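A closer look at the structure
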Amino acid sequence: PGLRSISEGNDGNIRCPLPGKVLSVAVKKGQRLEEGDEICSLESMKMEQSIRSSQRGIIKSVKIKRNQNLKTGAILVEIQR
C-alpha cells in the first residue's frame, strides 16, 4: 500500500506525487533504496499517505524534513543508480 513517487527520465530525482505536509522521513543519505520502499509519510487532505519509491538506487541526498510543506513534483530524494 502507499502512493508511488514520480520519476522523470534519468535525472536521479524522486518527486512527490501530491501536495502535503511531511509527517516522517523513512530514509537517510547512503541508504540503498528498492522499488516500493517507503520514503516518507505525508498528511494530505487530512489523510496520512505513505510515499514509496518508484525506482531503486543509493540515496545521494534527502531533500525533505519533518513538518515541511510540499507541492506536487517537489524533490524528495536524489539517487544514484
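Every value quoted in this text rests on a predicted model; they were computed, and no experiment measured them. The residue numbering used here restarts from 1 in each chain and proceeds along that chain's sequence as written. In view of the model being predicted, local features appear only for residues whose pLDDT reaches at least 70, and side-chain atom pairs are presented and counted only at 80 or more, with totals across whole chains, interfaces and linings using the full set of residues. Hydrogens are left out, water is left out, and the side-chain values use all remaining heavy atoms of the structure.

This part is about unusual backbone geometry. With a phi close to 65°, K46 is a non-glycine residue in the positive phi region. The phi dihedral of N67 falls on the positive side, at around 70°, and the residue is not glycine. Only runs of H or I of at least four residues qualify as helices and only runs of E of at least two qualify as strands under DSSP, and these elements are numbered from the N terminus. Examined against the element boundaries, N67 turns out to sit in the loop between strand 8 (57–62) and strand 9 (69–70).

This next bit is on the pattern of salt bridges. One speaks of a salt bridge when a side-chain nitrogen belonging to Lys or Arg is within 4 Å of a carboxyl oxygen belonging to Asp or Glu. Applying the stated criterion to the full structure yields three salt bridges. Across the pair E78 and K63 runs a salt bridge whose closest N-O atoms are separated by 3.4 Å. One end of the pair, E78, is in strand 10 (residues 75–80); the other, K63, is in the loop between strand 8 and strand 9, and 15 residues separate them in sequence. The class of E78 is partly exposed, set by a relative accessible area of 25%. Each residue is assigned to one of three classes by its accessible area relative to the maximum for its type, calculated with a 1.4 Å probe on protein chains only: buried under 20%, partly exposed between the two thresholds, exposed over 50%.

Moving on: the pairing of strand 10. Paired strands are those between which DSSP finds at least two bridges. Where strand 3 (residues 13–15) lies against strand 10, three bridges are found, and the strand directions are antiparallel. Of the residues in strand 10, the one forming a bridge with N13 is E78. Both strand 8 and strand 10 contribute to a ladder of four bridges, which runs antiparallel. By the bridge assignment for strand 10, I58 is matched with Q80.

Here we take up the pairing of strand 4 (residues 20–25). Here strand 4 pairs with strand 9 via two bridges, running antiparallel. Within the sheet, the bridge partner assigned to K21 lies in strand 9 and is N69. Bridge count for strand 4 against strand 6 (residues 38–44) is four bridges, and the pairing is antiparallel. In the strand pairing of strand 6, S24 is matched with S41.

Quick look at the side chain of R15 now. For R15, the location among the structural elements is in strand 3. Throughout this description, a polar contact denotes any pair of N or O atoms lying within 3.5 Å of each other; where both atoms belong to protein, one of them has to be capable of donating a hydrogen while the other can accept it, and for residues adjacent in sequence the pair is counted only when both atoms sit in side chains. A polar side-chain atom of R15 sits 3.1 Å from the main-chain carbonyl oxygen of G73.

Judged by nonpolar contacts, the single largest core of 16 residues is most densely connected at I39, C40, L42, L70, L76 and V77. Taken together, the elements giving at least two residues each to this core come down to strand 6 and strand 10. Among all residues touching V77, those that are not within four sequence positions of it are G12, N13, I14, V27, I39, I59, S61, V62 and K63. Each nonpolar core is a collection of buried residues, namely Ala, Val, Leu, Ile, Met, Phe, Trp, Tyr and Cys, held together in the definition by side-chain atoms within 4.5 Å. Whether two residues are in contact is decided by their heavy atoms: any pair within 4.5 Å suffices.

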